[in-house]
Amino acid sequence: KFDSRLQRMTLLQHHILALSLTAITIFGLGLLVFLAEPKRRLNQVFGLYSLTISWWAFNEIFLVGAADQKAANFWAYIEWPGVIFIAPTFLHTVFLLTEEKRKKATRVILTVAYFVGFVFLALHLLFRLIAMPPKPAGYLRFFNEVTSVGLLVPLTFLVLVNIGLWKLWWSFRSASGQ
């Protein structure tokens, strides 16, 4: 039974707790994998993949909890580089894991994925064309919204992540004889 003397957590507090657990556990996992064999390319890229997720989650904590618009603008601005590179580093990790790195098509896909990521990064950092200033949304004091150009970021995310998932599926089918 719930002790009525204790306050219930708000949705915002649950949101921040989830982001905190994500940032800490993913960072720890990435660090453990990297330190297990730091010269191995898979471990390096997985470490970067984990770092991008942790970067997003850590900065999102401060964005949604920002006390004012100026602070929210700052946290949103530095959050986006992590968001932008989650999908390319995921795909890179999958290609290394499935030993696809030697194929020309794989190199082309990864080159395009990272190139697009750096274009998005430049559009964000130099011209602020990816995200609008954060504003209240539901229980959140501040939340990110993307511009019309910024809509390409989640679209690219979907494409790259689905390529990675498709590759994992086909590798599983080949390995399991299905």
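This write-up is about the structure you can find in this document.

About the cut-offs
Residues numbered from 1 in each chain as written. Predicted model: local features only at pLDDT ≥ 70, side-chain atom pairs only at ≥ 80, totals over all residues. Heavy atoms only, no water. Patch = residues over 30% accessible without salt bridge, like charges linked within 9 Å, V, L, I, M, F, W, Y side chains within 5 Å. Areas by Shrake-Rupley, 256 points an atom, 1.4 Å probe, with all protein chains shown as cover. Salt bridge = Lys/Arg side-chain N within 4 Å of Asp/Glu carboxyl O. Helix = DSSP H or I, 4+ residues; strand = E, 2+ residues; numbered from the N terminus. Buried < 20%, exposed > 50% of the residue type's maximum accessible area, 1.4 Å probe, protein only. Axes fitted to C-alpha atoms, helices over the stretch in contact; angles between N-to-C directions. Parallel < 35°, antiparallel > 145°, perpendicular 65-115°, else oblique. Contact = heavy atoms within 4.5 Å. Nonpolar A, V, L, I, M, F, W, Y, C, P; charged D, E, K, R; others polar. Expected span 1.5 Å × (residues − 1). Core = buried A, V, L, I, M, F, W, Y, C linked by side-chain atoms within 4.5 Å. Pairing = 2+ DSSP bridges. Phe/Tyr/Trp six-rings, centres within 6.5 Å; stacked < 30°, edge-to-face > 60°.

### Comments concerning a nonpolar patch on the surface
A contiguous nonpolar patch, built from Phe27, Leu31, Phe34, Leu35, Leu48 and Leu51 and spanning about 530 Å² of accessible area, is present on the exposed surface. When contributions to the nonpolar patch are tallied by element, the ones reaching two or more residues are α1 (11-36) and α2 (41-64). Of all the elements, α1 adds the most residues to the nonpolar patch, at 4 residues. By secondary structure assignment, the location of leucine 48 is in helix α2. Here leucine 48 falls in the partly exposed class, since its relative accessible area comes to 48%.

### Comments concerning the packing of helix α3 (residues 69-97) against helix α4 (residues 104-127)
In the contact formed by α3 and α4, the axes pass within 10 Å of each other and the chain directions differ by 180°. Between α3 and α4, the angle is such that the two are roughly antiparallel. Of α4, the residues touching α3 (which contributes Ala76, Tyr77, Trp80, Pro81, Ile84, Phe85, Pro88, Thr89, Leu91, His92 and Phe95) are Thr106, Ile109, Leu110, Ala113, Tyr114, Gly117, Phe118, Phe120, Leu121, His124 and Leu125. Here the contact of α3 with α4 is built from residues that sort into 17 nonpolar, 5 polar and no charged.

### Overview of the pattern of salt bridges
In this structure the tally under the stated criterion is 1 salt bridge. A salt bridge links lysine 135 to glutamate 145; its shortest N-O distance comes to 3.3 Å. Here the residue lysine 135 occupies a position in strand β1 (residues 131-137), and glutamate 145 occupies one in strand β2 (residues 140-146), the gap between them amounting to 10 residues. The exposure class assigned to lysine 135 is partly exposed, which follows from its relative accessible area of 41%.

### Comments concerning helix α5 (residues 152-176)
The end-to-end C-alpha separation of α5 is 36 Å, in line with the 36 Å expected for 25 residues at 1.5 Å each. Among the residues of α5, Val153, Leu160, Val161, Gly164, Lys167 and Ser171 are the ones counted as buried. The elements touched by buried residues of α5 are α3 and α4. A positive backbone phi angle near 75° is found at glycine 177, which sits one or two residues after α5.

### Side note on the nonpolar core
Grouped together as the largest cluster of nonpolar side chains are 13 residues, with contacts concentrated most on Tyr49, Phe90, Leu91 and Leu160. Take this core: its biggest share by element is 6 residues, from α3. Among all residues touching leucine 160, those that are not within four sequence positions of it are Ala87, Pro88, Leu91 and Ala113.

### A look at unusual backbone geometry
Positive phi is not limited to glycine here, since arginine 128 has a value of about 50°. With respect to the helices and strands, arginine 128 occurs in the loop between α4 and β1.

### Some thoughts on the environment of alanine 137
Secondary-structure assignment places alanine 137 in strand β1. On the accessibility criterion, alanine 137 (31% relative accessible area) is partly exposed. For the pair formed by alanine 137 and lysine 103, sequence separation is 34 residues and the distance between their alpha carbons is 45 Å.

### Things to note about the pairing of β1
Taken residue by residue, a regular strand's side chains alternate between the two faces of the sheet. Looking at chain direction, β1 and β2 are connected through 4 bridges and run antiparallel. Following the sheet pairing, alanine 131 is matched in β2 by valine 146. The antiparallel hairpin formed by β1 and β2 contains 2 residues in its connecting segment, where glycine 138 sits at a positive phi of about 60°.

### What to know about the packing of aromatic side chains
Aromatic rings in a pair are described by how distant their centres are and how their planes are angled relative to each other. The tally for this structure, following the rule as stated, stands at 8 aromatic pairs. One aromatic cluster is present, formed by Phe58, Phe62, Phe74 and Trp75 through successive ring pairs.

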